[in-house]
Amino acid sequence: ATDSVHAAAHIAAPRRWRSSVLAVGSAAAMAASPAQMAQLGQLLTQTTSGNTQSMQAATEQLRAAEAQPGFGLILLEMLRGASVDAGVRQAGAIYFKNYIRRHWSAEGAAAVISPADRQAIKQHLLSLMLQAPKTVQVMLAAALEEISVVDYPEEWQSLLPEIVQHLKTSQDMTVLKGTMETANTVFTKFRAQARSNQLLKEVKYTCLGFQETHLTIFKGAVQRILVGLPPDQLFLHFELVLATVGVFYSLNVVDLPEFFEDNRQPYFEGFLGLLKFRSDAVAGTGDKPGLLEQVKGAICECFALYTDKYQEEFAPFLLPCVKDVWELLVGVDQQERHDQLVAKGIQFLSSAASTHWPQSPFEDPNVLSGICEKVVFPNIVLRDSDVEMFEDNPLEYVRRDMESADQETRRRSAMDLVKAMGKLNEAKVTEILVGYVKALMGQAGQSAPEQAERFKDACIYLCIAMAVKGQTQREGVTVTNPNVNIGDFFTSLVIPELTSANPVTNRSVLRASCLKFITVFRNQLPREQIGAILPAICKHIAVECPVVHTYAAICIEKLLSVRDKNAQGQSAPRYDPAAMRPSLLQVVDPILQTIASGKGIPMNEYLMRTVARIFGFLKQHGAEAGLG
């Protein structure tokens with residue numbers, strides 16, 4: 001393959017250098033000379049030199065050369081050379097990736113890369129990539145992905161047979177892994193596209209050419225893993241399996257191919273075997289997930305896919321899959337490296353719990369109780385790392401919690417699981433969780449202050465998870481669970497906490513959760529109770545803790561936006577500006593001082609939004625105080 005790359009570059013190689021610019025003529029039947037390659041290498045080195053003037057000059061010369069036929073092939077020829085300096089090859093790989101990204105999708109007069117060059121690049125790119133060192137391989141893989149998004153399969157029909165050939169014939173685990181990772185990258189495009197006849201045609205073409213090889217590789221890799229491998233081989237096999245599971249998802253995401261339906265047994269047996277597998281050699285360390293956690297998370301995603309789309313075909317595997325994922329979730333600790341795995345496992349259980357099955361394990365109250373106790377509660381209680389984020393990275397905490405930018409956090413997944421279980425078993429699940437909340441509140445009264453705060457915080461989030469059945473970003477909660485007494489929870493926990501005689505600087509996490517509770521249920525809580533507690537809410541604006549004063553501001557801003565239908569059926573603000581004016585005016589100055597001082601969250605948009613809402617609310621309804 002490398003000889004053919006050299007031949008391709010020989011056909012469309014540079015004729016001569018002109019004004020220090022790489023001039024390439026497709027009509028010139030000569031390979032790039034050592035001097036020309038050296039000059040190209042020098043230019044590429046200058047693009048990463050750190051000297052702005054030198055980088056700009058080198059980039060301008062290379063950009064001028066891009067328009068000449070054969071430029072991309074010369075770059076590949078240089079990347080092929082084992083004698084080329086590693087830094088030059090790395091710079092060349094980066095430039096090639098960006099060259100492809102800039103020009104490959106261009107058509108007509110805007111096209112820089114000629115049809116002949118395109119064909120030659122596609123003909124040799126995969127083989128070059130598989131032979132390249134890791135740093136170069138990563139860049140070439142990105143370039144290959146860019147090309148495949150545009151060309152595969154219709155304009156790159158040689159790619160799939162080449163991938164299959166490598167997988168069938170290579171005995172090198174590194175090549176097998178790299179090839180399967182390439183397949184995974186290429187086929188991922190199927191996940192994002194809307195269903196169409198063209199897409200179904202492309203997936204069918206891919207399946208017919210790849211499915212048998214895929215199953216052979218999967219079965220062989222899983223078998224070797226489960227039998228036992230030395231650490232270095234185990235690592236390579238897990239990299240291979242991770243890509244193989246990714247391919248499985250991509251080929252099943254649009255429709256269920258006949259081959260995969262017929263071979264569910266070996267696939268799911270392999271999945272379940274991998275879920276139970278343990279080895280420190282492939283496990284994560286610190287807060288970063290390892291290959292073991294990534295593979296198990298990808299398997300949970302495949303389970304969720306079949307649960308959502310192919311219930312009839314998945315039904316025979318439901319019970320063992322639920323059982324093994326349940327045991328997996330109960331068995332992992334609270335370290336951050338497990339967060340994504342836990343989230344994906346819970347997402348599968350959520351999907352399964354909200355689906356009708358001929359024999360559903362979620363009909364059993366003991367199963368529901370076990371899930372609530374062993375899965376929901378441990379993952380809804382804040383950990384030390386969550387409290388650290390609350391204190392050290394308030395903007396990220398607010399973004400995840402208030403704006404639901406936390407779809408793969410443990411707490412969000414646990415709340416979604418509560419909602420999912422309640423979809424078909426609302427009364428049972430609510431009864432179990434209400435009893436659990438009462439027990440937790442009892443435990444909080446007997447626990448150390450820090451633990452008690454986290455227990456009460458968890459109770460608030462459990463209540464939100466149970467009670468909310470429908471909501472919109474603008475209007476808030478619109479439908480609630482009739483089995484949950486929101487008002488009772490408000491008066492027994494939220495009001496006492498926010499109006500406590502203790503300093504407002506105490507129990508910041510719990511105070512923030514109470515403010516969130518009011519924000520979430522602003523439509524359901526009576527006007528009189530909100531009017532009575534408004535001064536206490538406003539008092540929290542002056543708290544130094546960034547999350548607390550931000551949550552107080554969000555709460556005020558959302559309360560002022562609540563509207564009700566009047567007797568004539570017209571929408572009108574729920575709250576009277578005149579009645580709220582004294583409390584609202586007291587918060588304006590502290591908010592502006594916090595913004596001006598830059599304390600807490602810099603340029604805090606939530607505080608700014610609240611000030612604008614207060615002025616608009618009071619001015620619009622004729623309030624005095626010189627707000628014009």
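The structure we're discussing is the one just above.
Keep in mind the model is a prediction, meaning the values are calculated, not measured.

Concerning the packing of helix α22 (residues 410–445) against helix α23 (residues 449–467)
Link 1 in the chain: Packing of α22 against α23 brings their axes to within 8 Å, and their N-to-C directions diverge by 145 degrees. Judged by the twist between their axes, the crossing of α22 over α23 is left-handed. From α22, Arg411, Met415, Val418, Lys419, Thr430, Leu433, Val434, Val437, Leu440, Met441, Gln443 and Ala444 reach across to α23, where they touch Ala452, Phe455, Lys456, Asp457, Ala458, Cys459, Tyr461, Leu462, Ile464, Ala465 and Met466.
Link 2 in the chain: Classifying every residue of the contact of α22 with α23 by side-chain character gives 17 nonpolar, two polar and four charged.

Describing the pattern of salt bridges
Link 1 in the chain: According to the stated counting rule, one finds 26 salt bridges in the structure shown.
Link 2 in the chain: Measuring nitrogen to oxygen at the nearest pair gives 3.0 Å for the salt bridge that ties Glu77 to Arg80. A residue pair is termed a helical-turn pair when its members lie 3 or 4 positions apart in one helix, as Glu77 and Arg80 do in helix α4 (residues 71–80) at three residues.
Link 3 in the chain: Since its relative accessible area comes to 12%, Glu77 is described here as buried.
Link 4 in the chain: The salt bridge involving Arg101 is made with Glu146; its shortest N-O contact spans 3.1 Å. Within this pair, whereas Arg101 is found in helix α5 (residues 86–103), its partner Glu146 is found in helix α7 (residues 134–151), the two being separated by 45 residues in sequence.
Link 5 in the chain: Residues joined by salt bridges that share partners form a network here, namely Lys276, Lys323, Asp324 and Glu327.

Brief notes about the nonpolar core
Link 1 in the chain: Counting 206 residues, the largest nonpolar core has Phe96, Phe210, Phe303 and Ile518 as its most contacted members.
Link 2 in the chain: Counting residues per element, this core draws most heavily on α23, which supplies 12 residues.
Link 3 in the chain: Residues within four places of Phe303 in sequence aside, it is in contact with Phe268, Phe271, Leu272, Leu275, Phe314, Cys321, Val325 and Phe348.

Section: the environment of Phe210
Link 1 in the chain: Here Phe210 is to be found in helix α11 (residues 197–227).
Link 2 in the chain: When its relative accessible area of 0% is taken as the criterion, Phe210 is described as buried.
Link 3 in the chain: Spatially, the C-alpha atom of Phe210 lies 37 Å from that of Gly286, the residues being 76 residues apart in sequence.
Link 4 in the chain: Filtering out sequence-adjacent residues up to four positions away, Phe210 remains in contact with Leu160, Ile163, Val164, Leu167, Met180, Ala183, Phe187, Val247 and Leu251.

Examining the pairing of strand β3 (residues 468–472)
Link 1 in the chain: As judged from the four bridges shared by β3 and strand β4 (residues 476–480), these two strands associate in the antiparallel manner. Residue pairing across strands places Thr472 opposite Gly476, the latter belonging to β4.
Link 2 in the chain: Linkage of β3 to β4, two consecutive antiparallel strands, is achieved through a turn of three residues.

Some remarks on helix α9 (residues 173–187)
Link 1 in the chain: If you check α9, its first and last C-alpha atoms are 21 Å apart, about what 15 residues at 1.5 Å a residue would give, namely 21 Å.
Link 2 in the chain: In terms of burial, α9 is a largely internal element, 12 of the 15 residues being buried.
Link 3 in the chain: Of the residues making up α9, those classed as buried are Met173, Val175, Leu176, Lys177, Gly178, Thr179, Met180, Thr182, Ala183, Asn184, Val186 and Phe187.
Link 4 in the chain: Lining the buried residues of α9 we find α6 (115–131), α7, α8 (159–169), α10 (189–192), α11 and α12 (231–252).
Link 5 in the chain: The residue sitting at the N-terminus of α9 and contributing the capping side-chain oxygen is Asp172; that oxygen lies 2.9 Å from the backbone nitrogen of Thr174.

Overview of the packing of aromatic side chains
Link 1 in the chain: Enumeration according to the criterion identifies 35 aromatic pairs in this entry.
Link 2 in the chain: Relative to Tyr95, the ring of Phe71 has its centre 6.1 Å away and its plane inclined at 70 degrees; by these criteria the two rings are edge-to-face. Of this pair, Phe71 sits in helix α4 while Tyr95 sits in helix α5, placing them 24 residues apart in sequence. Here Phe71 and Tyr95 have matching classes, each one buried.
Link 3 in the chain: Between Phe248 and Tyr306, the aromatic rings sit 5.8 Å apart at their centres with planes inclined by 20 degrees, giving stacked as the arrangement. Taken together, the residues span a long stretch of sequence, with Phe248 in helix α12 and Tyr306 in helix α15 (residues 291–309) at a distance of 58 residues.
Link 4 in the chain: The exposure class assigned to Tyr306 is buried, which follows from its relative accessible area of 0%.
Link 5 in the chain: Positioned above the aromatic ring of Tyr95 is the side chain of Arg102, whose terminal nitrogen or guanidinium carbon lies 5.4 Å from the ring centre.

Cut-offs used in this document
Residues numbered from 1 in each chain as written. Predicted model: local features only at pLDDT ≥ 70, side-chain atom pairs only at ≥ 80, totals over all residues. Heavy atoms only, no water. Axes fitted to C-alpha atoms, helices over the stretch in contact; angles between N-to-C directions. Helix = DSSP H or I, 4+ residues; strand = E, 2+ residues; numbered from the N terminus. Left-handed = near helix turned anticlockwise from the far one by under 90°. Contact = heavy atoms within 4.5 Å. Nonpolar A, V, L, I, M, F, W, Y, C, P; charged D, E, K, R; others polar. Salt bridge = Lys/Arg side-chain N within 4 Å of Asp/Glu carboxyl O. Buried < 20%, exposed > 50% of the residue type's maximum accessible area, 1.4 Å probe, protein only. Core = buried A, V, L, I, M, F, W, Y, C linked by side-chain atoms within 4.5 Å. Pairing = 2+ DSSP bridges. Expected span 1.5 Å × (residues − 1). Polar contact = N/O pair within 3.5 Å; in protein donor to acceptor, adjacent residues only side chain to side chain. Phe/Tyr/Trp six-rings, centres within 6.5 Å; stacked < 30°, edge-to-face > 60°. Lys NZ or Arg CZ within 6 Å of the ring centre and 35° of its normal.

Everything listed here is a matter of geometry and, on its own, says nothing about what the molecule does.
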